[in-house]
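If you want the building blocks of each chain, they are given just below.
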Amino acid sequence: MRTFSVLNGLSVVSLKGGKEIGKVIDLLFHETNVAGFLIDKNGWLNSHLFVPLENIDAIGRDALVISDSKKLSNYDQKHFPYHSLHNGNSKIFGKTLMSSEGEKLGLVEDVYFNEKLGNIVGYEVTDGFIADLKEGKRVLKSTAPLTVGEDVLVIDLNC
């Protein structure tokens, strides 16, 4: 099990040619499945690339490895129906997470996922800086799909 915060900023390296393509900047998902990662491409034209989870050969401590840069595609938010942790119109970072019973659970800080299966297994939430110092951040585990709304996120913790 991994958190996205551990992967954020990792280099993306292609084994074919040994080229560093860019850095991981976001996690893209649909319901409870990680679709892949958003890559900030190296170079003058600061464009973003998408790498599907199934095209990743290894996730190491220092880099995310793919066999060939041809496994990446240009990222255009209009053509990718995914939610994201940090970027775009449907980002979840910093949004209020509520239970399906109407209880405010905190603000989303991170996502826990199984890198081999690609499923999201939990969300790290905060009640603010002072609460984090006193009590620490909480991890809420659920296999239920996250409802991503304009203002709040809703999750069923009974699943």
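Coordinates for the structure precede this section.
Because the structure is predicted, anything quoted here is derived from the model rather than measured. (Residues numbered from 1 in each chain as written. Predicted model: local features only at pLDDT ≥ 70, side-chain atom pairs only at ≥ 80, totals over all residues. Heavy atoms only, no water.)

> Break down the side chain of aspartate 68 for me, with residues and values.
When you line up the elements, aspartate 68 lands in the loop between β7 (63-66) and β8 (73-74). For aspartate 68, a relative accessible area of 16% translates into the label buried. Aside from chain neighbours lying at most four places away, what touches aspartate 68 is Ser14 and Lys16. (Helix = DSSP H or I, 4+ residues; strand = E, 2+ residues; numbered from the N terminus. Buried < 20%, exposed > 50% of the residue type's maximum accessible area, 1.4 Å probe, protein only. Contact = heavy atoms within 4.5 Å.)

> Quick one: what's the story with the pattern of salt bridges, residue by residue and with numbers?
Across all of its chains, the model carries 5 salt bridges by this definition. Lysine 23 is the salt-bridge partner of glutamate 20, the closest N and O atoms lying 3.2 Å from each other. The partly exposed category is assigned to glutamate 20, whose relative accessible area is 34%. (Salt bridge = Lys/Arg side-chain N within 4 Å of Asp/Glu carboxyl O.)

> Please provide a residue-by-residue account of the nonpolar core, values included.
Ranked by size, the top nonpolar core spans 33 residues in total, and within it Phe37, Ile92 and Leu97 carry the most contacts. Secondary-structure elements contributing two or more residues to this core are α1 (4-7), β3 (19-30), β4 (33-41), β5 (48-52), β7, β11 (104-114), β12 (119-126) and β15 (152-155). Once residues within four sequence positions are removed from consideration, isoleucine 92 is found in contact with Phe29, Ser84, Leu85, Val108, Val111, Tyr123, Leu146, Val148 and Leu153. The next biggest cluster of nonpolar side chains, apart from the first, holds 6 residues, and it includes Leu28, Leu38, Phe50 and Tyr75. (Core = buried A, V, L, I, M, F, W, Y, C linked by side-chain atoms within 4.5 Å.)

> I'd like a rundown of the side chain of aspartate 26, residues and numbers included.
Examined against the element boundaries, aspartate 26 turns out to sit in strand β3. Lysine 91 is the oppositely charged side chain nearest to the buried, salt-bridge-free aspartate 26, at an N-O distance of 8.8 Å. One polar contact links the side chain of aspartate 26 to the main-chain amide nitrogen of leucine 85, over a distance of 3.1 Å. Those residues in contact with aspartate 26, other than ones at most four positions away along the chain, are Phe4, Gly36, Phe37, Leu38, Ser84, Leu85, His86 and Asn87. (Lys, Arg positive; Asp, Glu negative; His and termini not counted. Polar contact = N/O pair within 3.5 Å; in protein donor to acceptor, adjacent residues only side chain to side chain.)

> Talk me through the packing of aromatic side chains; I want residue IDs and the actual numbers.
Counted under the stated rule, the structure contains 3 aromatic pairs. Ring centres 6.4 Å apart and planes at 20° place the aromatic pair phenylalanine 4 and phenylalanine 37 in the stacked group. Of this pair, phenylalanine 4 sits in helix α1 while phenylalanine 37 is found in strand β4, placing the two residues 33 residues apart along the sequence. Its relative accessible area of 0% is what places phenylalanine 37 among the buried residues. Summarising the aromatic geometry, the rings of phenylalanine 37 and phenylalanine 113 are spaced 6.1 Å apart at their centres and angled 55° between planes, so their arrangement reads as tilted. On the criterion of sequence distance, the pair formed by phenylalanine 37 in strand β4 and phenylalanine 113 in strand β11 is long-range, its members being 76 residues apart. Summarising the burial analysis for this pair, phenylalanine 37 and phenylalanine 113 share the class buried. (Phe/Tyr/Trp six-rings, centres within 6.5 Å; stacked < 30°, edge-to-face > 60°.)

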